[in-house]
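Structure assessment
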There are 2 protein chains.
Amino acid sequence: MTNTPPAVTAAILVIGDEILSGRTKDKNIGTIADYLTAIGIELREVRIVPDEAPMIVEAVNALRARHTYLFTTGGIGPTHDDITADCVAEAFGVSIDVDPRARAMLLERIKPEDLNAARLRMARIPAGADLIANPISKAPGFRIENVFVMAGVPAIMQAMLDNIGPTLTTGAKVVSETIEVGNLPEGAYASDLAAVAAAHPGVSIGSYPSMTQGGFLNRIVVRSKDAEAVMRARGAIEALVARLRP
Amino acid sequence: MTNTPPAVTAAILVIGDEILSGRTKDKNIGTIADYLTAIGIELREVRIVPDEAPMIVEAVNALRARHTYLFTTGGIGPTHDDITADCVAEAFGVSIDVDPRARAMLLERIKPEDLNAARLRMARIPAGADLIANPISKAPGFRIENVFVMAGVPAIMQAMLDNIGPTLTTGAKVVSETIEVGNLPEGAYASDLAAVAAAHPGVSIGSYPSMTQGGFLNRIVVRSKDAEAVMRARGAIEALVARLRP
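Residues numbered from 1 in each chain as written. Chains lettered and ligands numbered in written order. Predicted model: local features only at pLDDT ≥ 70, side-chain atom pairs only at ≥ 80, totals over all residues. Heavy atoms only, no water.

If you check an unreviewed UniProt entry, chain A appears there as Competence/damage-inducible protein A from Methylobacterium soli.

Here's what the structure looks like:
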């Protein structure tokens, strides 16, 4: 096996009643998952919680302790139900107040006479945090230690993620190979595939059925940070599929 | 306030490396959220974990203790990476073996001579569980106490959910009203909206921005099990929007 850097792991915390009621369908989890996978950070865990301080604080503290990074989305707007910044400050046990840097960012878009108390809420930043620029609507996200607090609106979240990306410590990228199995049933290859998995302990091998008009369509995915090990496992799987296909 | 039955709460546990890698985009969370909301069950929490026994067992035990119901998706197929049934048995401290009822269901679709060891894995059911019929591919899900274990393939999950639905204890349905605010900025109405929220403690009021080509488009959503309280809050919000709109 080649030498690989230590694993860099991450969690996502999605904050918002609207996701749990089904009213809004989350798109951010998939976007962040793709982004992290592409830069060699392993997403290990996701949670979705409502706009309630005890549940947000508990999840922030559980997830930041377990992973290299925690990314949150949602709850940083100007309305009364936007409580993420206060909850993150509480989780870290630090104070929170209007940050002059964040206030200056808001003034790039908002006239001084329109910067009312509600809008100033968007400049409330926990003590010690760095700001994450928001090129779209200016109200910033922030980073405190290993926690990145981002907007819930997908276009703004994506822009913040693009700003954060270059600052992250990344691990070895996971190499992934997909073997199209077609309509060969999972049950026909599962035992042989388990034997291949046992013989290739350095790689993760998954079998993924999907349904189409014509019935099941199966794919086997081989993943590892060790590209040569992936290719060896891929070869073994292709051989077993060729043997079993009618 | 009218009398309402006690709250019935739920959590979802999504199990699968493929969701965390971004390879598969989850659709089940939104489907289950809509379903539960429609029948008066409050979805309070969602977690996504990888195909790893310790994380699955921990999440099952944390979530089943906190909520009326826990719904899991994924990891009940015939391949080696399908470990959900074993993990649920471990979480409950019960044995797991091939269940004759589940075996009979598999034989509705699979010829006896094709019922190999891998396919029989799909008939392994924790002791004491009831089966959830799968009209599409026959391999059943199961219910043990307050935990419902379902497939990850969306069409099969949906069919299992339809079978489960009539067996659930439901609560009072949440009534939801949406006020379209258009391009009136959140920052222009946030203070007044907070006052409305404070004056209507029995209802949940959220403000949801979305981005369009023409800029932000905002909606305010009022939710409560008390329909009259929702209508009162809606009236107050419509009055404030009418006052602020240019």
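Still to come is the rest of the account.
1. Quick word on the environment of A:Pro50
Mapped onto the fold, A:Pro50 is located in the loop between strand S2 (42–49) and helix H3 (53–66). Expressed as a C-alpha distance, the spacing of A:Pro50 and A:Asp226, which sit 176 residues apart in the sequence, is 39 Å. Filtering out sequence-adjacent residues up to four positions away, A:Pro50 remains in contact with A:Ile15, A:Gly16, A:Asp17, A:Leu20, A:Met55, A:Ile56 and B:Arg44. (Helix = DSSP H or I, 4+ residues; strand = E, 2+ residues; numbered from the N terminus. Contact = heavy atoms within 4.5 Å.)

2. Comments concerning the interface of chain B and chain A
Taken together, the contact between chain B and chain A spans 59 residues of the former and 59 residues of the latter. Looking at the side of chain B facing chain A, the largest losses of area belong to B:Arg23, B:Arg44 and B:His80, adding up to 13% of the total buried there. Between the two partners, chain B and chain A, sit six salt bridges. Between B:Arg44 and A:Glu52 there is a salt bridge whose closest N-O contact spans 2.7 Å. Scanning the region where chain B abuts chain A turns up 16 residue pairs in polar contact (both at pLDDT 80 or more). The element best represented in the side of chain B that touches chain A is helix H8 (residues 186–199) of chain B, accounting for nine residues. Pairing of S2(A) with strand S2 (residues 42–49) of chain B, which is carried by three bridges, proceeds in the antiparallel orientation. Among the inter-strand pairings, A:Ile48 is bridged to a residue of S2(B), identified as B:Val46. (Buried area = accessible area lost by both parts, 1.4 Å probe. Salt bridge = Lys/Arg side-chain N within 4 Å of Asp/Glu carboxyl O. Polar contact = N/O pair within 3.5 Å; in protein donor to acceptor, adjacent residues only side chain to side chain. Pairing = 2+ DSSP bridges.)

3. Focus on the UniProt feature "domain: MoaB/Mog" (unreviewed entry) in chain A
Sequence positions flagged by UniProt for "domain: MoaB/Mog" (unreviewed entry) are, in local numbering, residues 11–171 of chain A. Across residues 11–171 of chain A one finds 37% helix and 22% strand; the C-alpha atoms that close the span lie 15 Å apart. (UniProt positions renumbered as here; feature names shortened; annotations may be inferred.)

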